[in-house]
Amino acid sequence: MSFDYDLFVIGGGSGGVRAARVAAGETGAKVALAEEDRYGGTCVIRGCVPKKLMVFASEFSGMVGDAQAFGWDIRPGEFDWNLFHGKLVAELDRLEGVYRNILKNNGVESFDQRARVVDPHTVELADGTRKTAKHILIATGGRPVVPEFPGSDLAITSNEIFHLEKLPENILIVGGGYIASEFAGIMDGLGVKTTQFYRGPQILRGFDEEARGLICDEMRQNGIDVRLETNVVEMTKAGDKIRVKATDGSEDQFDVVMYATGRAPNADDLGLEALGVERGRKGEIIVDEYSQTGVPSIYAIGDVTDRVNLTPVAIREGMAFVETVFKGNPTPVDHELIPTAIFTQPEMGTVGLSEEEAAAQESIEVYTTSFKPMQKSFAGGSQKVLMKLIVSQATRKVLGCHIVAPGAGEMIQLAGIAVKMGATKEDFDRTVAVHPVMAEELVTMRQPVRTA
């Protein structure tokens, strides 16, 4: 049977574009891709990239005081949201152009419209055109969702936060995950009076308890009003403000309310159910270790599968798909020991097991140190950093590494290599320290602070 394409990809985010580009450019496959919105997906257009640029912008407010302490005659100024936002939009446009050119230069045919699957080898575009393909890859990502409650339509999400007409004077951010906590730090750094509600006992659920406790303490010290075990009951309009009634009995008014309490896979109305493609409780597409659905010709990668919802993971899944399907090298996706950065303020880098997770599965030693970094200490700041290693008593392997510090994301990328290779505590000990840097503490901790 002949097909129009060897591969048809639905979704032009990081995972879909990588799979399409590699399949076409490295194996000579005939590939098409359909994207109904902007190329680059969540990460490039409404996620990691614009968020990190906003993190950079927000961090400059604290640098003025540090510079003054080091002898620089610098005076605080006003943050110009319009200037920044104009440059942000231009950069996102540039990056979208890069993604389009990557596809074009590798011979991938692009369709700027929605696509649905109508049978195991056929997709239908929004204009009614049908295309056939030997393989279909779904990489449609996910989207933020706001739970329904009285006044929930007044909330915005992380999609809209990048495109505010002006900076609010105050903002409420609802949620305790990394997206909510990152944007609390961003808005606070940009000079917005920031409140964060989280219904649980501590933010950043699932991460190391000691690390997330320090982050919460530092966020509060920075001026963020973090209210734990607090949720919204209802919201109503009050002129230009939003009146928020909370479960703790408080009632406050905010210019903007942003919800970051969860995301859902973009798998609706793709025609999957009629073909027998299984979906999970959250609506995610169920796949095996090779990203294959129950329909042999249909695969799915990235956030739409709700495995590990990170951009580099989606890219790895796309690469593994190409290895398996187009290079004849069956490659399961490796979701173990993934280094992660959380761009809160302070920043966190983590890889492997938390202390709590490790202690639940075996006997461990915990090595940890917390101190004021040289730069902040000299400037008279009280900020603390944390370096932490979780070590197996039986094998001596480092099971987890957790860093809360400026530049933690950069550090954890390199520490992640060692942990992924199975480095032991003694391997860390044998490594000569780089001095004077914060990261030297990772190789100078000699005695465990506790065992479990």
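Please refer to the structure placed before this passage.
Conventions adopted
- Residues numbered from 1 in each chain as written.
- Predicted model: local features only at pLDDT ≥ 70, side-chain atom pairs only at ≥ 80, totals over all residues.
- Heavy atoms only, no water.
- Helix = DSSP H or I, 4+ residues; strand = E, 2+ residues; numbered from the N terminus.
- Expected span 1.5 Å × (residues − 1).
- Bend = angle between axes of the 7 residues up to and from the residue.
- Contact = heavy atoms within 4.5 Å.
- Phe/Tyr/Trp six-rings, centres within 6.5 Å; stacked < 30°, edge-to-face > 60°.
- Buried < 20%, exposed > 50% of the residue type's maximum accessible area, 1.4 Å probe, protein only.
- Axes fitted to C-alpha atoms, helices over the stretch in contact; angles between N-to-C directions.
- Parallel < 35°, antiparallel > 145°, perpendicular 65-115°, else oblique.
- Left-handed = near helix turned anticlockwise from the far one by under 90°.
- Nonpolar A, V, L, I, M, F, W, Y, C, P; charged D, E, K, R; others polar.
- Pairing = 2+ DSSP bridges.

Draft legend 1. Helix α3 (residues 48-69), seen in detail. Taking 1.5 Å of rise per residue, 22 residues should cover 32 Å, and α3 covers 32 Å from first to last C-alpha, within 8% of that figure. At Gly62, α3 shows its maximal bend, which comes to roughly 35°. Of the surrounding elements, those touching the buried residues of α3 are α2 (41-46), α4 (81-105), α6 (178-189) and α11 (374-378). Gly71 occupies a position one or two residues after α3 and carries a positive phi of about 100°.

Draft legend 2. Structural detail: the packing of aromatic side chains. Overall, the coordinates contain 9 aromatic pairs when judged by the stated rule. Their ring planes at 35° and their centres at 5.4 Å tell us that Phe149 and Tyr259 sit as a pair that is tilted. Within this pair, whereas Phe149 is found in the loop between β7 (142-144) and α5 (158-161), its partner Tyr259 is found in strand β14 (residues 256-259), the two being separated by 110 residues in sequence. Of the two residues examined, Phe149 and Tyr259, each falls in the buried class. Consider the rings of Tyr299 and Phe321, whose centres lie 5.0 Å apart with planes at 65°: the pair is edge-to-face. Remark: Phe321 occurs in helix α9 (residues 311-325) and Tyr299 occurs in strand β16 (residues 298-300); sequence separation between them is 22 residues. What makes Tyr299 buried here is its relative accessible area of 7%. Members of the aromatic cluster, connected to one another through ring pairs, are Tyr5, Phe8 and Phe111.

Draft legend 3. Quick peek at the environment of Gly206. In this fold, Gly206 is placed in the loop between β9 (193-198) and α7 (209-221). For Gly206, a relative accessible area of 55% corresponds to the exposed category. Each C-alpha atom, one on Gly206 and one on Tyr367, is 20 Å from the other, the two residues being 161 residues apart in sequence.

Draft legend 4. Focus on the packing of α3 against α6. The interhelical angle for the contact between α3 and α6, taken along N-to-C directions, is 45°, at an axis separation of 7 Å. Judged by the inter-axis angle, α3 sits oblique to α6. Considering only the axes of α3 and α6, their crossing is left-handed. Seen from α3, the contacting residues are Lys51, Met54, Val55, Ser58 and Ser61; seen from α6, they are Glu182, Phe183, Gly185, Ile186, Met187 and Gly189. Across the contact of α3 with α6, the residue classes break down as 5 nonpolar, 4 polar and 2 charged.

Draft legend 5. Main features of the sheet that holds β14. Reading across the sheet, the 4 strands line up as β10-β9-β8-β14 and stay open at both edges, with parallel pairing between neighbours. Strand pairing shows two members of the sheet lacking a second neighbour, β10 (225-228) and β14, which therefore form its edges. On average, each strand axis in the sheet is inclined to that of its neighbour by 15°, with strand direction left out of account. Summarising the sheet, strand β8 (residues 170-174) and β9 pair through 5 bridges and their orientation is parallel. Within the sheet, the bridge partner assigned to Ile171 lies in β9 and is Thr194. Of the strands in this sheet, β9 and β10 are in contact with α7, which crosses β10 at around 135°.

None of the figures reported here should be taken as evidence of function without further support.
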